[in-house]
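Below are the chains, spelled out letter by letter.
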Amino acid sequence: MKAFAMVLLFSATTAGAAIREVTLLGKGLPFVTFNITVRVGAAHDPQGKEGLAALTARLMREGGVSAFHVGGPPLAARDRENIEEELFPRAAEIEAHVGREQTSWRVTVSEKDALPVADILAQMLAAPAFNELELERIRAEMLEEVGTRFPREDQEELGKAALERVMFGVTHPYAHIIEGTVSGLKAIQIGDVKQFWAARYNRAVLVVGLAGAYTTALRQRLQGRLKALPAASAAPLPVVPERAVRRAPELLLVKGDFPAVGVHLGHPIAFRRGDMEFPALYTAATAFGKHRSFVGRLMKNVRELRGLNYGAYAYVEEFPDGGLNLQEPTQAGRTRQAFAVWGRPTPVENGCFLLRQLHREVESLAVRGPGGGLTASEFDLGKSHLTGSIPLLGMALARRLGYAIDGIFYGVPGDPLAWLRSGVNRLTRPQVNTLLRSVIHPQDLSIVVTTPDPERFKREILGGRCDIHYAAGVEKDQAHRQEDERIAKHQVPLVAEHIRIIEAVELVRGLSPEK
C-alpha cells in the first residue's frame, strides 16, 4: 500500500508574485503526474473571436517552441516534429485541455523522464513559437470539427450546447462551444493569439500540480522555468455574468439529420461546488438521475419501466463529454452552474411523450407535501451510494490532483472529496427537499429538443396529449397504463410564440438566427 500526502503550497517568486502549488507525494511510485492549470478558458474568448482560448492552447501545444533560457540549462528552439521525437520514446503525451474557465496542461511520465518532460512543458507555456503555418493547420482542423463533424455526429453534446445557449442567452460567454464558432475561428489572426497568451498566461492565475515520485529538484526546476511568465496581467479577467431569470418556459427545436430525438431541459442555479448547499444538490441529482447509473429515479421510470431510451440523467454542474466519461470529469470548473436534465436517444414517435415525462418528473421535485421531492427510499439510496462512491472518485492519482486544483477554483478548504462526503453524511431528507423547492423552478425551464422533424414535434407538444408507443407485443399492467395516461396528458406550459426552430449547423456558425 503506497503512502500519500497532499499539500497546498504558496511559493513566492523573485518578482514577488506567487505560483500556487499543489503536491501529492506518492512514496515508491515509479511515475510523476504534472497538472499545470491556468484560470482562463472559452468563457474568456473575445466576442466575435469565439474559439481563441482553444486555438491558443492547441498552438502552444502543437506549434513548436522558441529558444528558452530561464530557470535552468538553455533549451533550443524546436518544432512540432522535434518535440514529438523527444516525447514519444518517453511515452509522454502532453494534453492541453481547455474548459469554460480553466485550461490544464497534463502529462504523466516515468520518474526518470520527469525532468526533461518538465522542461518541454514549461517551454510550451512560457516560450511558444506561434508558428503561422501551424496556426493555419490547426484552424483548418478545428473548422472541420466545429462546422461539420460536431453538428452532424454528436447529437448529445449538440443538445447540451444548445441548452446552454438558451439558458444563458446568445451573447453570454457560455453560449458557444469550447472550440468556438465558425465565424469566430475564421476571424482569429496570429496577433490575436499572441495577445491572448500575453494577457492571460501569467503566474497570478497559475496553479502547478505535481503528484507521484516528484523530487525537490523537479519542483524547483519547474518553478524556476515558469518565472518566465509575467507576474500578473494588466487586463483583469472578465467576470462571467449571471443570466436573468426567465419566468416562461421556452422550447428550441434543433433540426438535423438525426436518427432519433434528444430532450434537454434546465435552468441556471445560484449554487456551485464549494457552497454549503452543494452537497444537498449533489445528492438530489444522484438520487434523481445519476449519470450512467440506475441509482437515479429517471433511469428506472424512463428506461427500465418504459424502454424509452438509453439514458436519462440529471446534473447540478457541467458534465462535459458525458458520452465518453462514466465518472464526473475534474477541472470542469465554472462560475455559473445550472440544473439540467436530459434523455436520449428516443424514437421520433415517442419524443413528445419523453418531454412530458421528464417535465413532470422535474415538477415533482418542487412540489410541497406527499409526492413531492425525493422519496425516503430515493434519498436513502442516493446518500448511501455517495457515501461509498465519493472516495472512489479519487482513486487515480491524476484525478486526486485534479480535484485538489478544483478545490482552489471553488475555494474548498482541505481535501475537496472529504469535504463533499462530510457534507453528504450530514444531510437529512427534509433538508434536501426543502432546498429543492427553493432551487427548482419549473416555470423557468428552458427546453431543447434535437429532432429530424421539428414541425411534427411542435404540433404534438402543443396538442392535448402525447401517447407512448411500445414495441409490438409489450404488455403493461393497469397501474402502469394509468400512469402512462397521466403522462400523456401532462401539459408543458408552452405557447407557439415561445417555440423556435433552428438548423443544427446554425448553432456553430456564430449567428443568432433563432432570436
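Residues numbered from 1 in each chain as written. Predicted model: local features only at pLDDT ≥ 70, side-chain atom pairs only at ≥ 80, totals over all residues. Heavy atoms only, no water.

J.: What is the right way to read the pattern of salt bridges from this model?
T.: A pair can form between side chains of opposite charge whenever their charged atoms are brought close. If you walk through the whole model with that rule in mind, you get 38 salt bridges. As a salt-bridge pair, Arg-80 and Glu-134 come within 3.0 Å of each other at their nearest N and O atoms. Separated by 54 residues along the polypeptide, Arg-80 in helix α2 (residues 80–87) and Glu-134 in helix α4 (residues 132–153) bring together distant segments of the chain. Note that Glu-136 and Arg-139 form a salt bridge whose closest N and O atoms lie 3.0 Å from each other. In this pair, Glu-136 and Arg-139 both sit in helix α4, three residues apart, roughly one turn of the helix. Linked by salt bridges that have partners in common, Arg-58, Glu-62, Arg-80, Glu-134, Arg-137 and Glu-141 make up one network. (Salt bridge = Lys/Arg side-chain N within 4 Å of Asp/Glu carboxyl O. Helix = DSSP H or I, 4+ residues; strand = E, 2+ residues; numbered from the N terminus.)

J.: Can you help me understand the environment of Gln-443 in this one?
T.: Checked against the element boundaries, Gln-443 lands in the loop between α15 (429–439) and β11 (446–451). Classification of Gln-443 by relative accessible area gives partly exposed; the value is 34%. As for Gln-443 and Gly-402, which are separated by 41 residues in sequence, their C-alpha atoms are 36 Å apart. (Buried < 20%, exposed > 50% of the residue type's maximum accessible area, 1.4 Å probe, protein only.)

J.: What is the right way to look at the confidence of the model for the protein chain in this model?
T.: Parts of the model with low pLDDT should not have their predicted coordinates read in detail. Residues at a pLDDT of 70 or more form 95% of the protein chain, whose mean pLDDT is 94. Scored below 50 in pLDDT, residues 6–16 shows 29 contacts in the model against residues more than four places distant or in partner chains. (pLDDT = per-residue confidence, 0-100. Contact = heavy atoms within 4.5 Å.)

J.: Help me out: how do you make sense of the packing of α4 against helix α5 (residues 155–168) in this one?
T.: Axis angle and axis distance: for two packed helices, these are the angle between their axes and the distance between the axes, and together they describe the pair. Orientation of α4 relative to α5, taken along the N-to-C sense of each, is 100 degrees, at an axis distance of 6 Å. Considering the angle they form, α4 stands roughly perpendicular to α5. Along the contact surface, α4 presents Phe-150, Pro-151 and Glu-153, while α5 presents Gln-155, Glu-157, Leu-158 and Ala-161. Considered class by class, the residues forming the contact of α4 with α5 number four nonpolar, one polar and two charged. (Axes fitted to C-alpha atoms, helices over the stretch in contact; angles between N-to-C directions. Parallel < 35°, antiparallel > 145°, perpendicular 65-115°, else oblique. Nonpolar A, V, L, I, M, F, W, Y, C, P; charged D, E, K, R; others polar.)

J.: Would you take a moment to explain the sheet that holds strand β8 (residues 261–269) for this structure?
T.: Hydrogen bonds along the backbone pair up the strands of a sheet, which may run parallel or antiparallel. Read across the sheet, six strands follow the order β9-β10-β8-β11-β7-β12 without closing on themselves; strand pairing throughout is mixed. In the strand order of this sheet, the two ends are held by β9 (311–315) and β12 (499–503), each with one partner. Averaged over all pairs of adjacent strands, the angle between strand axes in this sheet comes to 15 degrees, irrespective of strand direction. Judged from the six bridges that link them, strand β7 (residues 250–255) and β11 form a sheet pairing that is parallel. Pairing of Val-254 across the sheet is with Thr-450, part of β11. With respect to the sheet, α5 is in contact with β7, β8, β10 (337–346), β11 and β12, its orientation differing from that of β8 by roughly 35 degrees. (Pairing = 2+ DSSP bridges.)

J.: Just to check I follow, could you spell out the side chain of Thr-103 for this structure?
T.: Relative to the helices and strands, Thr-103 resides in strand β5 (residues 103–110). What makes Thr-103 buried here is its relative accessible area of 0%. Reaching out from Thr-103, the side chain makes a polar contact with the backbone oxygen of Val-40 at a distance of 2.8 Å. (Polar contact = N/O pair within 3.5 Å; in protein donor to acceptor, adjacent residues only side chain to side chain.)

J.: Looking at this model, I keep getting lost on the environment of Arg-39. Mind explaining?
T.: Note that Arg-39 resides in the loop between β3 (31–38) and α1 (52–62). Placed 50 residues apart in sequence, Arg-39 and Pro-89 show a C-alpha to C-alpha distance of 31 Å. With residues near it in sequence (within four places) discarded, Arg-39 still touches His-44, Glu-101, Gln-102, Val-205, Leu-237, Thr-335 and Phe-409.

J.: Looking at this structure, I do not really get unusual backbone geometry. What am I missing?
T.: In terms of backbone geometry, most residues other than glycine have negative phi values and most peptide bonds are trans. Cis geometry marks the peptide bond from Arg-344 to Pro-345; its omega dihedral reads -15 degrees. Locating Pro-345 in the fold gives a position in strand β10. You will see that Ala-91, though not glycine, has its phi angle at about 55 degrees, which is positive. One non-glycine residue, Gln-331, lies in positive phi territory at about 60 degrees.

J.: What is the right way to read the nonpolar core from this model?
T.: One broad trend across soluble globular proteins is that nonpolar side chains are buried collectively. In this structure, Phe-34, Ile-36, Trp-105, Tyr-201, Leu-222, Leu-226 and Val-254 are the most contacted members of the largest nonpolar core, which totals 82 residues. Sort the elements by how many residues they give to this core and helix α3 (residues 114–126) lands first, with nine residues. Those residues in contact with Phe-34 that lie beyond four places of it in its chain are Trp-105, Arg-106, Val-107, Val-109, Ala-114, Ala-118, Leu-121, Gly-209, Leu-210, Leu-218 and Leu-222. Counting residues in each nonpolar core, the second largest holds 57 residues, with Ala-284, Cys-352, Ile-440 and Ile-447 among its members. (Core = buried A, V, L, I, M, F, W, Y, C linked by side-chain atoms within 4.5 Å.)

J.: What should I look at first to understand the state of the cysteines in this one?
T.: The term disulfide refers to a covalent linkage connecting the sulfur atoms of a pair of cysteines. All told, the structure shown has one disulfide when counted by the stated rule. Here Cys-352 is linked by a disulfide to Cys-466, with a sulfur-sulfur distance of 1.8 Å. Since a negative S-S torsion denotes a left-handed disulfide, the Cys-352-Cys-466 link at about 45 degrees is right-handed. Here Cys-352, found in helix α11 (residues 351–365), pairs with Cys-466, found in the loop between α16 (454–462) and α17 (478–489); they are 114 residues apart in sequence, far enough to count as distant. (Disulfide = S-S within 2.5 Å.)

J.: Quick question: what am I supposed to make of α11 here?
T.: A turn of α-helix holds 3.6 residues, and therefore any two residues three or four places apart point the same way. The end-to-end C-alpha separation of α11 is 22 Å, in line with the 21 Å expected for 15 residues at 1.5 Å each. Most of α11 sits inside the fold, with 13 of its 15 residues counted as buried. (Expected span 1.5 Å × (residues − 1).)

J.: Even after reading the chapter, I still don't get the packing of aromatic side chains, so can you show me in this structure?
T.: Here a ring pair, both rings aromatic, is described through the centre-centre distance and the interplanar angle of the planes. Applying the stated rule across the entire model yields six aromatic pairs. Aromatic pair Phe-278 and Tyr-282: ring centres 5.4 Å apart, planes at 40 degrees, arrangement tilted. Note that Phe-278 and Tyr-282 are positioned in helix α9 (residues 278–289) at a spacing of four residues, about one turn of the helix. A single burial state applies to Phe-278 and to Tyr-282, both of which are buried. Against the face of Phe-409 rests Arg-39, its NZ or CZ located 4.0 Å from the ring centre. Over the aromatic face of Tyr-174 sits the side chain of Arg-334, whose NZ or CZ is 4.2 Å from the ring centroid. (Phe/Tyr/Trp six-rings, centres within 6.5 Å; stacked < 30°, edge-to-face > 60°. Lys NZ or Arg CZ within 6 Å of the ring centre and 35° of its normal.)

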